[in-house]
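Below, each chain spelled out in residue letters.
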Amino acid sequence: MKLQTATRLGLYAVLELARDPAQTLSSADLAERFGVSTHHLAKVLRTLAAAGLVRAERGAAGGYRFTGNRRRVTLMDIVALFEPAPGRRAKEPGEETDIGGALLSVLTEIDEIAEATLRSISLETLLSSSHPASAVASS
Amino acid sequence: MIALRPAEPVDLTAISALDARLTGHSKTAYWQAMLARYAGGPPERHFLVAETAKGVLAGFIAGEVRAWEFGQPPAGWVFAIQVDPKLRLKGTGSALFEALTTRFKAQGVSRVRTLVDRKDHLILSFFRAQGMTAGPSLQLDKAL
């Protein structure tokens, strides 16, 4: 499954901030951590803030803080902010034909499985199964 | 405080009522047959209940070790789990799952499996939180 860059950055940022809801990280800190451009990440963070998942804190130690509920927010909640919902895609040319319709039903099946998977994994579940990069590298 | 114990035929009414409340379908005959097969049945079959200090049913779980089901080596299968909504988020479901998988492990299996409606996000999330991921099989279906 290929996610758009903004979706991946949104997931990275929310998960990193949700790892410790008390921490505040600047967009530059987050961008450096994931090796991405600050400009691109800033746009993603604004979308996350508008959705109430993170909050921008002003001041010298300013930055972003996670404000959601780790046990309630799922990966799908974040993906849905950046990707079109499966049932809301614009019609593609050829979908009206019998072959196009049959292909569409296969692609819809894949979308439904992907959505069920993403909706079933809360931030809490994903973070509890993740390991620090150093531990993965040494294992 | 929740206590776990093997289910008994006398639990039928409470199990059937909890399931009917949660699913909207009354299936007393089904649960009666399940209890007959699982409660006090062969050692590879398990039916456990969780109850409050006052003896009220808080939840239940049923499963068994099956060998070569769909061509797969022996594994523990979870067939049913329900927890009273008023008693959720208190670890009852996790305690039931842990107790069942402990029994599975004691019988020498190293995998636990289940089937879940992919639109049932609540139960999918529960099993994910227990560390379960997509298994090696895909369930297929056809209208007849």
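Residues numbered from 1 in each chain as written. Chains lettered and ligands numbered in written order. Predicted model: local features only at pLDDT ≥ 70, side-chain atom pairs only at ≥ 80, totals over all residues.

### Here's the deal with helix H3 (residues 92-106) of chain B
All names here are of chain B.
Inference 1: Relative to the 21 Å expected for 15 residues at 1.5 Å per residue, H3 spans 21 Å between its end C-alpha atoms, a close match to the ideal helical length.
Inference 2: Taken as a whole, H3 has its buried residues at Thr 92, Gly 93, Leu 96, Phe 97, Leu 100, Arg 103 and Phe 104. Buried residues in H3, looked at end-on, bunch into an arc of 135 degrees, giving them a common side. Opposite the packed face of H3, turned more than 90 degrees from it, sit the exposed residues Thr 102, Lys 105 and Ala 106.
Inference 3: Check the buried side of H3 and you find it contacts strand S1 (3-6), strand S2 (45-51), strand S3 (57-66), strand S4 (75-83), strand S5 (112-114) and helix H4 (121-129). (Helix = DSSP H or I, 4+ residues; strand = E, 2+ residues; numbered from the N terminus. Expected span 1.5 Å × (residues − 1). Buried ≥ 20, exposed ≤ 12 C-beta atoms within 10 Å, placed from the backbone. Arc of directions from axis to C-beta. Contact = placed C-beta atoms within 7 Å.)

### Some points on the nonpolar core
Inference 1: Within the largest apolar cluster, 27 residues are counted, with the highest numbers of intra-cluster contacts made by Phe 47, Leu 48, Phe 60 and Ile 61 of chain B.
Inference 2: Mapped by element, the contributors of at least two residues to this core are helix H1 (12-23), helix H2 (28-38), S2, S3, S4 and H3 of chain B.
Inference 3: Per-element accounting of this core gives the leading share, six residues, to S3 of chain B.
Inference 4: Not counting the four nearest positions on each side in its chain, Leu 48 of chain B is found in contact with Leu 4, Pro 6, Ala 7, Phe 60, Ile 61, Leu 96, Ala 99 and Leu 100 of chain B.
Inference 5: Counting residues in each nonpolar core, the second largest holds 21 residues, with Leu 9, Ala 18, Leu 45 and Leu 75 of chain A among its members. (Core = buried A, V, L, I, M, F, W, Y, C linked by C-beta atoms within 7 Å.)

### Points about the sheet that holds S5 of chain B
All names here are of chain B.
Inference 1: Here five strands make up an open sheet; going across it, the order is S1-S2-S3-S4-S5 and the pairing mixed. Single-partner strands in this sheet number two, and they are S1 and S5. Strand-to-strand twist in this sheet, taken as the mean axis angle between neighbours without regard to direction, amounts to 30 degrees.
Inference 2: Where S1 lies against S2, four bridges are found, and the strand directions are antiparallel. Note on S2: the bridge partner recorded for Ala 3 is Glu 51.
Inference 3: Lying on the sheet, H3 is in contact with S1, S2, S3, S4 and S5; it crosses S3 at an angle near 25 degrees. (Pairing = 2+ DSSP bridges. Axes fitted to C-alpha atoms, helices over the stretch in contact; angles between N-to-C directions.)

### Section: the environment of Ala 53 of chain B
Residues and elements named next belong to chain B.
Inference 1: Assignment of secondary structure puts Ala 53 in the loop between S2 and S3.
Inference 2: C-beta crowding within 10 Å serves as the criterion here: with 8 such atoms nearby, Ala 53 is assigned to the exposed category.
Inference 3: Sequence spacing of Ala 53 and Ser 110 is 57 residues, and the spatial spacing of their C-alpha atoms is 33 Å.

### Details of the packing of H1 of chain B against H2 of chain B
All names here are of chain B.
Inference 1: Packing of H1 against H2 leaves a shortest axis separation of 9 Å and a crossing angle of 130 degrees. Comparing their axes, H2 and H1 come out oblique. Handedness of the H1/H2 crossing: right-handed. Residues Leu 12, Ile 15, Ser 16 and Asp 19 of H1 form the contact with H2, whose own contacting residues are Thr 28, Trp 31, Gln 32 and Leu 35.
Inference 2: In terms of residue class, the contact of H1 with H2 is built from four nonpolar, three polar and one charged. (Parallel < 35°, antiparallel > 145°, perpendicular 65-115°, else oblique. Left-handed = near helix turned anticlockwise from the far one by under 90°. Nonpolar A, V, L, I, M, F, W, Y, C, P; charged D, E, K, R; others polar.)

### Thoughts on helix H4 (residues 75-82) of chain A
Residue and element names in this part refer to chain A.
Inference 1: Restricting attention to buried positions, one finds in H4 the residues Leu 75, Met 76, Ile 78 and Val 79. Within H4, the buried residues cover an arc of 160 degrees as seen down the axis, which keeps them to one side.
Inference 2: Considering only its buried residues, H4 is in contact with helix H1 (5-19), helix H5 (98-120) and helix H6 (123-129).

### Considering the confidence of the model for chain A
Low-pLDDT portions of the prediction should not be read for the details of their coordinates.
Inference 1: Overall, the prediction assigns chain A a mean pLDDT of 88, with 91% of residues at 70 or greater.
Inference 2: The model gives residues 134-139 of chain A a pLDDT under 50, and that stretch makes one contact with residues more than four places away or in other chains. (pLDDT = per-residue confidence, 0-100.)

### Here's the deal with the interface of chain A and chain B
Inference 1: Contacts between the two partners involve ten residues from chain A and, on the opposite side, nine residues from chain B.
Inference 2: Contributing elements (two or more residues each) for the side of chain A that touches chain B: H5 and H6 of chain A.
Inference 3: Ranked by residue count, the leading element in the side of chain A that touches chain B is H5 of chain A, at six residues.
Inference 4: Looking at the side of chain A that touches chain B residue by residue, the classes come out as three nonpolar, five polar and two charged.

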